[in-house]
Amino acid sequence: MDEAWYSGSALITFIVSCKIWFLIYGICLLTWDMLFTIFPTTLLGLSCLYFLIRYLRVPLPPAPLISEVFGEDANVLIDKYRKNRTGMDLTFIPTTSRLASVNSSPGNSHHHLLESGSIEKPYTMWIIGHRGAGLDAPENSLSAFRLCKSRGCLAVEFDVALTKDNVAVVFHDDNLFRIASINRNIRDITWEELRQVDISINHPLGNKFRGERIPSFDEAIVACLELDLRFFIDLKDADSRMVEVVLEAYLKYGEAMYKRAVVSSFFPQLIYQVR
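What counts as what
- Residue positions are given per chain, counting from 1 as you read along its sequence in written order.
- At least 70 in pLDDT is required for a residue's local features to be given in this predicted model, at least 80 for side-chain atom pairs to be given and counted, and no such filter applies to totals for whole chains, interfaces and linings, which use all residues.
- By convention in this description, side-chain values take in all heavy atoms of the structure and omit both hydrogens and water.
- Here a helix means four or more residues in a row that DSSP labels H or I, a strand means two or more in a row labelled E, and each is numbered from the N terminus.
- By definition in these notes, contact holds between two residues if any of their heavy atoms fall within 4.5 Å.
- The protein chains shown are the only cover counted for residues, whose accessible areas, like all others here, come from Shrake-Rupley with a 1.4 Å probe.
- Stacked, tilted and edge-to-face are the three classes assigned to paired rings of Phe, Tyr and Trp, where Trp is represented by its six-membered ring and a pair needs centres within 6.5 Å; plane angles under 30 degrees give stacked, over 60 edge-to-face, the rest tilted.
- The cut-offs for exposure are 20% and 50% of the maximum accessible area for each residue type, with area from a 1.4 Å probe on protein chains only; residues under the lower value are buried, those over the upper are exposed, and the others partly exposed.
- In this analysis the probe radius is 1.4 Å and the grid spacing 1 Å, with only protein atoms considered; a cavity is a set of points the probe fits into but cannot get out of, a pocket is an open set with protein on both sides within 12 Å along at least five of seven lines, and lining residues have an atom within 4 Å of a point.
- Grid points are joined across faces, edges and corners, and a volume is the space filled by probe spheres set on the points.
- Orientation is described by axes fitted as lines to C-alpha atoms, over the contacting stretch for helices, and by angles from 0 to 180 degrees between their N-to-C directions.
- What sets the label is the angle itself: under 35 degrees gives roughly parallel, over 145 gives roughly antiparallel, 65 to 115 gives roughly perpendicular, and the rest give oblique.
- Crossings are assigned a handedness: left-handed for a near helix turned anticlockwise from the far helix by less than a right angle, right-handed for a clockwise turn.
- What makes two strands pair is DSSP finding at least two bridges between them.
- Clockwise travel from the first strand over the helix to the second, with the strands pointing away from the viewer, marks a crossover as right-handed.
- Two N or O atoms form a polar contact when they lie within 3.5 Å of each other; inside protein one atom must be a possible hydrogen donor and the other a possible acceptor, and for residues adjacent in sequence the pair counts only when both atoms belong to side chains.
- For the purposes of this section, nonpolar cores are sets of buried Ala, Val, Leu, Ile, Met, Phe, Trp, Tyr and Cys residues that join through side-chain atoms within 4.5 Å.

### Some words on the overall build of the protein
- A tally of regular secondary structure across the protein gives 12 helices and five strands.
- Within the protein, contacts between residues at least 6 apart in sequence are counted, and of these 61% link residues at least 24 apart.
- A total of about 17100 Å² of accessible surface is found on the protein, and carbon and sulfur atoms cover 62% of it.

Structure below.
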């Protein structure tokens, strides 16, 4: 444990050192370019890049819409709650310490705060189920989403990929092997074949979920809306057709989708096109 911690700490220190060095080096280079060259190419390049980014950037969504999805800042609500109870101002205490402070109060956990109504309104996104309740039910399954809701989650995250016949499905890996012991890639399987796969096979609690299937993107959206869950849609495929899939979903489900869904991806071009 100590060695792992030290290794991680050393890596973070190295990364921070590199960032600081690049910052110092950049400032020195820019200063030198401005003071000792006839034509400040660095400054001109930075200016052009700045205005290009300003021109191409997509405006932020309206603040009320952001608040509708994410809710109020949980840290602010915790501070208000504690200050009202004890007169303490916890603004400058780290988040983890503030949470511990609330949780350590007699009879108070964040679940209790939600249930008691003390800070239930305004809404804030306290708990998110990554791939649904992936440890207690097959990940990215409808059963996992329902379990999340029953255990107090306010949002879930799920992954979206495309099948061979371009059907959007909720699945994380490129290959079925880890989940179902089938060595085939999602993009090489049709939706009709994929919907027959039992994803409970390799799950530790699989006996409780025999016959659990991979849901389509539409099925996942409908389930989340019916359960009143916010949901994070993680696009796992770099294919530009993913953009069409997402936009069609927003058109189909309208306002409900705008107030409940967030799109994320490791492929920034997809996010840009969706926006």
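From this point, the narrative continues.
### Here we look at the packing of aromatic side chains
- Per the counting criterion, the structure on display carries seven aromatic pairs.
- Ring geometry for Phe158 against Phe231: centres 5.9 Å apart, planes inclined by 15°, an arrangement best described as stacked. Of this pair, Phe158 sits in strand β2 (residues 155–162) while Phe231 sits in strand β4 (residues 230–235), and the two are 73 residues apart along the sequence.
- A relative accessible area of 0% places Phe158 in the buried class.
- Residue Phe231 is classed as buried on the basis of its relative accessible area of 0%.
- Joined through ring pairs, the aromatic side chains of Phe145, Phe158, Phe217 and Phe231 make up one cluster.

### So, the layout of surface pockets
- Considered as a void within the structure, the largest pocket measures approximately 520 Å³ in volume.
- Taken together, 16 residues form the lining of the largest pocket, with Pro61, Leu65, Tyr250, Ala261 and Arg275 sitting closest to its centre.
- If you list the elements that add at least two residues to the lining of the largest pocket, you get α3 (63–70), α11 (241–258), β5 (261–265) and α12 (268–274).
- By residue number, the principal contributor to the lining of the largest pocket is α3, which donates four residues.

### Focus: empty space enclosed by the protein
- This structure, assessed with the given rule, holds one cavity of 30 Å³ or more.
- Looking at the largest cavity, its volume works out to about 40 Å³.

### Considerations on the packing of helix α10 (residues 217–226) against α11
- Running from amino to carboxyl end, α10 crosses α11 at an angle of 20°, the nearest separation of the two axes being 12 Å. Accordingly, the angle class assigned to the pair α10 and α11 is roughly parallel. By crossing handedness, the relation of α10 to α11 is classed as right-handed. Side by side, α10 and α11 meet where Phe217, Asp218, Ile221, Val222 and Leu225 of the first sit next to Val245, Ala249, Lys252, Tyr253, Ala256 and Met257 of the second.

### Concerning the pairing of β5
- Among the five residues of β5, four are classified as buried, and the element is accordingly described as predominantly covered.
- Taken together, the five bridges between β4 and β5 define a ladder with parallel strand orientation. Directly across from Phe232, in β5, lies its bridge partner Val262.
- A crossover connection joins β4 to the parallel β5 through α11; in handedness this β-α-β unit is right-handed.

### As for unusual backbone geometry
- Notably, Arg131 is not glycine yet its phi reads approximately 60°, a positive angle.
- Locating Arg131 in the fold gives a position in the loop between β1 (128–130) and α7 (142–150).
- Despite not being glycine, Asp228 shows a phi value in the positive range, around 60°.
- Locating Asp228 in the fold gives a position in the loop between α10 and β4.

### Details of the side chain of Asp237
- As for its position among the elements, Asp237 is in the loop between β4 and α11.
- On the basis of relative accessible area, Asp237 is assigned to the buried category, the value being 10%.
- Among the polar contacts made by the side chain of Asp237, one reaches the main-chain amide nitrogen of Asp239 at a distance of 2.9 Å.
- Setting aside residues up to four positions removed in sequence, Asp237 forms contacts with Val160, Leu162, Arg187, Met242, Phe267 and Leu270.

### As for the environment of Leu43
- Topologically, Leu43 is positioned in helix α2 (residues 41–56).
- Considering only alpha carbons, one finds Leu43 and Leu29, 14 residues apart in sequence, at a separation of 9.9 Å.
- With residues near it in sequence (within four places) discarded, Leu43 still touches Leu30, Asp33 and Met34.

### Structural notes on the nonpolar core
- Ranked by internal contacts, the top residues of the largest apolar core, which has 38 residues, are Phe158, Phe217, Phe231, Ile233 and Met257.
- Sort the elements by how many residues they give to this core and α11 lands first, with eight residues.
- In this structure, Phe231 is in contact with Val156, Phe158, Ile221, Cys224, Leu225, Met257, Arg260, Ala261 and Val262, ignoring residues within four places of it in sequence.
- Core analysis: the next-biggest nonpolar cluster, separate from the first, contains 13 residues, Val169, Ile179, Ile186 and Trp191 among them.

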